[in-house]
Amino acid sequence: MCLVAVVGTVLNLVQKLPCTVSEPPGVPRVAYVSQYACWSDVAAIWNHRQLGEHLFPYVTGTYGGDPPVLGGGSVEYPTLTGIWIWATALPADSAKQFLVVTALVAAVLVVLVTLMLARIAGRRAWVFAATPPVMLYAVYNWDLLPVLCTVAGLLVATRAPGRWPPLLRWGLAGAAFGAGGAFKLYPLMFLAALVLAAVLDRDTADAPDDRPPGGPGRYRRAAVALGSGLAVVLAANVPFALVNAEGWWSVVEYQAQRPIDSSTLSIWYYGLLPWSSDPASPFQDTMATLATVSTAVGLLAVLVVAVVLGVRTGRTPWVQASAAMLCVYMVCNKVDSPQYVLWLLPFFVVLRLGGWWIAAYLVTDVALTTGFFRNLYYSALGVTGGTWALQLFTAAIWIRAVLLVVFVVRFLRAPVAPRPGIPRRRDDRSRSAAPDRDGEVLSAAPGPEVPRTIGVDPAG
């Protein structure tokens, strides 16, 4: 699996390399890039953010001008990603070299993610290692970084050795999601779900044997999980805010003022045409408000469902709720870039979602990317009207949105994949279970419940 994932990363590098050279004379840049679909944020940011100057990010950063642009070392990503970009750009002198270095690092990341997913769910890790997203987006952006943190948090929470103290597992899982949030914000949603599980679950493995169930043990583990996650986020942000508040805040300003246009692949743009077509129109504010409010309401609704299930059953489906919140975010937010499918892949592995649903989403994603770049190519050549690329692209936008809405429900109902090598018993519906020597809850057994897996229902 690791070898296949590395090969996919190399193939993505080869596919992106043509965009690191100049286009032939007389060929518009957009036509050249879209013809080969070789666009990547990695190569683009080298030129647009002056990475060749090797300025430490945010310390001297600015945002302004007409039109406003980022400068002085700021990049449009949270702090840990900015530092990562700066560090991997140090040995490079050109966009091509930077892309190669980024691909080398990405190859290491996909191996780590694959190994961790295999530890969690065994052969289901093929869904990550051998499907099109790695071949299409491994070096498109830096999304493998928060993916790595997300999978690390899931691994610690679901497959940590039983000899690890429970509070250590809660703390490490929270820290992993906090680190993911310092790379890109979305893993902080998973931290919220984890903290809910800490408060609501009737798991008292971290409490002394002579203390009654519930009570302070729940709040201590919640404080450990939340505190470790927030500590990582604060450590990654506070120093930059103190040194240069303008440079640190420039990322927030840039993302807040980013218009919702055709490149954001948002349902708001394509669903509200023609009013959404003008990036300078006041209607942009309306769309931004709709995106923010709907995202917040959707995330809150998922958390409410998780609370209800946690109170009723004593086990909060925080992994399922995390996947459902991610789907809400992807469908409602103002930006849904192609590489975001990498965010979903770990949950396709960890949760037992049907293979046909996974295949439908991955095929739709390939169709969307193909139609998007081919439509840009036709537009650059002056071809107007309803081309097959535009029709494919438009259909894929809405099919993907429908699938994400369906996934919100299906993820909340999906059981966690069983431990590798242990078949899942379909007739097992008991809430009481006995842990194995590594701390896994494997099968029903009489006696008191002594769960070692954070917030995961062993019976599914």
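Here the structure is a predicted model, which means the values were calculated and not measured. (Residues numbered from 1 in each chain as written. Predicted model: local features only at pLDDT ≥ 70, side-chain atom pairs only at ≥ 80, totals over all residues. Heavy atoms only, no water.)

## Thoughts on the pattern of salt bridges
Here's step 1: Under the definition given, this model contains 4 salt bridges.
Here's step 2: Where K184 meets D143, a salt bridge forms, and the shortest distance between an N and an O atom there is 3.0 Å. Of this pair, K184 sits in the loop between α9 (166-183) and α10 (188-200) while D143 sits in the loop between α7 (132-137) and α8 (144-159), placing them 41 residues apart in sequence. The two residues K184 and D143 agree in class, both being buried.
Here's step 3: One salt bridge in this structure joins D336 and R400, with 3.0 Å as the shortest N-O distance. Within this pair, whereas D336 is found in the loop between α15 (318-332) and α16 (341-350), its partner R400 is found in helix α18 (residues 388-413), the two being separated by 64 residues in sequence. (Salt bridge = Lys/Arg side-chain N within 4 Å of Asp/Glu carboxyl O. Helix = DSSP H or I, 4+ residues; strand = E, 2+ residues; numbered from the N terminus. Buried < 20%, exposed > 50% of the residue type's maximum accessible area, 1.4 Å probe, protein only.)

## Some points on a nonpolar patch on the surface
Here's step 1: On the surface, F56, V59, L226, L230, L234, V238, L242 and V243 cluster together into a nonpolar patch covering about 700 Å² of accessible area.
Here's step 2: With respect to the helices, strands and loops of the structure, V59 is situated in the loop between α3 (41-48) and β1 (62-65).
Here's step 3: You can call V59 partly exposed: its relative accessible area is 33%. (Patch = residues over 30% accessible without salt bridge, like charges linked within 9 Å, V, L, I, M, F, W, Y side chains within 5 Å. Areas by Shrake-Rupley, 256 points an atom, 1.4 Å probe, with all protein chains shown as cover.)

## Examining the state of the cysteines
Here's step 1: All told, the structure shown has 1 disulfide when counted by the stated rule.
Here's step 2: Disulfide pairing is shown between C19 and C38; the S-S distance is 1.9 Å. Looking along the S-S bond of the C19-C38 disulfide, the torsion reads about 75°, which is the right-handed sense. One end of the pair, C19, is in the loop between α1 (2-16) and α2 (29-36); the other, C38, is in the loop between α2 and α3, and 19 residues separate them in sequence. (Disulfide = S-S within 2.5 Å.)

## Regarding the nonpolar core
Here's step 1: Ranked by size, the top nonpolar core spans 119 residues in total, and within it F98, F348 and F411 carry the most contacts.
Here's step 2: When neighbours within four sequence positions are excluded, F348 is seen to be in contact with R124, V127, L353, I358, Y361, F407 and F411. (Core = buried A, V, L, I, M, F, W, Y, C linked by side-chain atoms within 4.5 Å. Contact = heavy atoms within 4.5 Å.)

## Comments concerning the confidence of the model for the chain
Here's step 1: On average, residues of the chain score 86 in pLDDT, and 88% of them reach the 70 mark or higher.
Here's step 2: Here residues 204-216 is a poorly scored stretch, pLDDT under 50, and it has 15 contacts once near neighbours within four places are set aside; other chains count.
Here's step 3: Taken as a whole, residues 426-452 scores under 50 in pLDDT and shows 61 contacts with residues more than four places along the chain or in a different chain. (pLDDT = per-residue confidence, 0-100.)

## Some points on the packing of aromatic side chains
Here's step 1: Counted according to the given criterion, the structure contains 30 aromatic pairs.
Here's step 2: Relative to W142, the ring of F98 has its centre 6.3 Å away and its plane inclined at 40°; by these criteria the two rings are tilted. Here W142 lies in the loop between α7 and α8 and F98 lies in helix α5 (residues 95-121), a separation of 44 residues in the sequence.
Here's step 3: On the basis of relative accessibility, which here comes to 0%, the residue F98 falls in the buried class.
Here's step 4: Each member of the aromatic cluster is reached from another via a ring pair, and the members are F177, Y186, F190, W318, Y329, Y340, W343 and F347. (Phe/Tyr/Trp six-rings, centres within 6.5 Å; stacked < 30°, edge-to-face > 60°.)

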